[in-house]
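Structural description and commentary
Each chain, letter by letter, is given below.
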Amino acid sequence: MADCGNLPSWLNTVPWLLVVTGWAIVNHQNNYREKRKEIRGKINGVKEFLFDLEDAAIHHHTTEQTPPNCMKIKRIIARVSAELKALEVIGLKIEAVDIQITRIRQSITLKNFESKRYSPLDSGNSILADIGASTDKLGHSLEMAYAAKFLV
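In this report, we go over the structure that sits alongside the text. (Residues numbered from 1 in each chain as written. Predicted model: local features only at pLDDT ≥ 70, side-chain atom pairs only at ≥ 80, totals over all residues. Heavy atoms only, no water.)

Digging into helix α3 (residues 97-109)
To keep it simple, the criterion reads: Helix and strand definitions here come from DSSP, where helices need a minimum of 4 consecutive H or I residues and strands a minimum of 2 consecutive E residues; each element is numbered from the N-terminal end. To estimate how far a helix should extend, the number of its residues minus one is multiplied by 1.5 Å. Using a 1.4 Å probe on the protein chains alone, a residue whose accessible area is under 20% of its type maximum counts as buried, one over 50% counts as exposed, and one in between counts as partly exposed. Here the arc refers to the set of directions running from the helix axis out to each C-beta atom. Contacts are residue-level and defined by heavy atoms, with any inter-residue pair within 4.5 Å sufficient.
Taking 1.5 Å as the rise per residue, α3 with 13 residues should run 18 Å; its terminal C-alpha atoms sit 18 Å apart, in good agreement. Taken together, the buried positions of α3 are occupied by V97, Q100, I101, I104, S107 and I108. Seen along its axis, α3 keeps its buried residues to an arc of 125°; they face one direction. On its buried face, α3 sits against α1 (14-62), α2 (67-89) and α4 (126-151).

This is how it looks when you write it as C-alpha cells:
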C-alpha cells in the first residue's frame, strides 16, 4: 500500500470533493427525473378527465337533458381547469391554456345546455364535432408543452 503521508495536504480533500460533487450531480438528475414523472402523471390525469368530459358532453347532447349530467360536466370542467393551474405552478408552460379551457367550456355549454329549448342532437351535429376538436387540441397542447420542457 502506498504511503499517502508525503502528499500535500490539499490532495487529501480531492476525494471528498469528488464525492460531494458526484452526489450533487446525481441528486440534481434524480430531482429532474422525479419532476418529469410527476408532470407526466398529471398530464395523463388531465387527459383522462378530458376523455371523461368529452364522453359526458356527447352523452348529454345526444340524450335527454338531466340536471345530474349537467352538474357532472361542470364538475369535470372545474377539475380540468384546476389541474391545468397545478401543472403551470409546477413549471409546465401550456400555450394559451385559459383560452383553450374557455373554448372547451363554450363548445359544451354555449349551445343546447341547460336551456328550456334543449333537444337531443344527431351524432353528426357540428356541436359534437366542436367538443371533440377542442378537447383534442388541449390534449395536444399538453403533449407539446411536455415535449418542449423535457424532450428538447
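Moving on from the coordinates now.
Considerations on the nonpolar core
Using the following cut-off: The term nonpolar core refers to a set of buried residues drawn from Ala, Val, Leu, Ile, Met, Phe, Trp, Tyr and Cys, joined through side-chain atoms within 4.5 Å.
Ranked by size, the top nonpolar core spans 30 residues in total, and within it V80, L84, L87, I94 and I108 carry the most contacts. Where this core is concerned, the elements lending two or more residues are α1, α2, α3 and α4. Sorting elements by how many residues they give to this core places α4 first, with eight residues. Every residue in contact with I108, bar those within four places of it in the chain, is listed here: L53, A57, H61, I73, I77, F113 and I131.

Structural notes on the packing of α1 against α2
For clarity, the threshold we go by: Axes here mean lines fitted to C-alpha atoms, for a helix over just the part in contact, with angles spanning 0 to 180 degrees between N-to-C directions. Note on terminology: angles under 35 degrees are roughly parallel, angles over 145 are roughly antiparallel, angles of 65 to 115 are roughly perpendicular, and the others are oblique. The crossing is said to be left-handed when, going from far helix to near helix, the turn is anticlockwise and less than a right angle, and right-handed when the turn is clockwise. Ten residues, namely Ala, Val, Leu, Ile, Met, Phe, Trp, Tyr, Cys and Pro, are considered nonpolar, four, namely Asp, Glu, Lys and Arg, are considered charged, and the remaining ones, Gly among them, are considered polar.
One can describe the packing of α1 onto α2 by two numbers: an axis separation of 9 Å at closest approach and a directional angle of 160°. Taken together, the axes of α1 and α2 lie roughly antiparallel to each other. Crossing of α1 against α2: the hand is left-handed. Between α1 and α2, the contacting residues are I39, K42, I43, V46, F49, L50, D52, L53, A56, A57, H59 and H60 on the first element and N69, C70, K72, I73, I76, I77, R79, V80, E83, L84, A86 and L87 on the second. Broken down by class, the residue content of the contact of α1 with α2 amounts to 16 nonpolar, three polar and five charged.

Notes on the packing of aromatic side chains
Definition in use: Stacked, edge-to-face and tilted are the three classes for Phe, Tyr and Trp ring pairs, Trp counted by its six-membered ring, which pair at centre distances within 6.5 Å; planes under 30 degrees apart are stacked, over 60 edge-to-face, the rest tilted. When the NZ atom of lysine or the CZ atom of arginine is within 6 Å of a ring's centre and also within 35 degrees of its normal, the charge is said to sit over that ring.
All told, the structure shown has two aromatic pairs when counted by the stated rule. For the pair Y32 and F150, a centre-to-centre distance of 5.6 Å together with 65° between the ring planes defines the contact as edge-to-face. Taken as a pair, Y32 in helix α1 and F150 in helix α4 lie far apart in primary sequence, 118 residues in all. With a relative accessible area of 9%, F150 lands in the buried category. Look at Y146 and F150: their rings are 5.1 Å apart centre to centre, the planes differ by 50°, and that puts the pair in the tilted class. Taken as a pair, Y146 and F150 lie in helix α4 at a separation of four residues, close to a single helical turn. Residue Y146 is classed as buried on the basis of its relative accessible area, which comes to 9%. Through pairs of rings, three or more aromatic residues link up here, namely Y32, Y146 and F150. Geometry around Y146 places R40 over its ring, the cationic atom sitting 4.6 Å from the centre. Of note, K149 hangs over the ring of F150, and the distance from its end group to the ring centre comes to 5.7 Å.

A closer look at the side chain of S107
Secondary-structure assignment places S107 in helix α3. In contact with S107, other than residues within four places in its own chain, are I127, D130, I131 and S134.

What about a nonpolar patch on the surface?
The following threshold applies: Residues with no salt bridge and a relative accessible area higher than 30% make up the patches, which join like charges within 9 Å and nonpolar side chains (Val, Leu, Ile, Met, Phe, Trp, Tyr) within 5 Å. For the area figures, the Shrake-Rupley method with a 1.4 Å probe applies, and any residue is considered shielded solely by the protein chains shown. In what follows, salt bridge is the name for a side-chain nitrogen of Lys or Arg lying within 4 Å of a carboxyl oxygen of Asp or Glu.
There is a patch of nonpolar side chains on the surface, built from W10, L11, V14 and L18 and spanning about 390 Å² of accessible area. Residue placement: L11 occurs in the segment before α1.

A word on α2
The end-to-end C-alpha distance of α2, which contains 23 residues, comes to 33 Å, matching closely the 33 Å that a straight helix rising 1.5 Å per residue would cover. Along α2, the residues that are buried comprise N69, C70, I73, I76, I77, V80, L84 and L87. Those residues of α2 that are buried are in contact with α1, α3 and α4. Positive phi shows up at G91, right after α2, with a value of about 110°.

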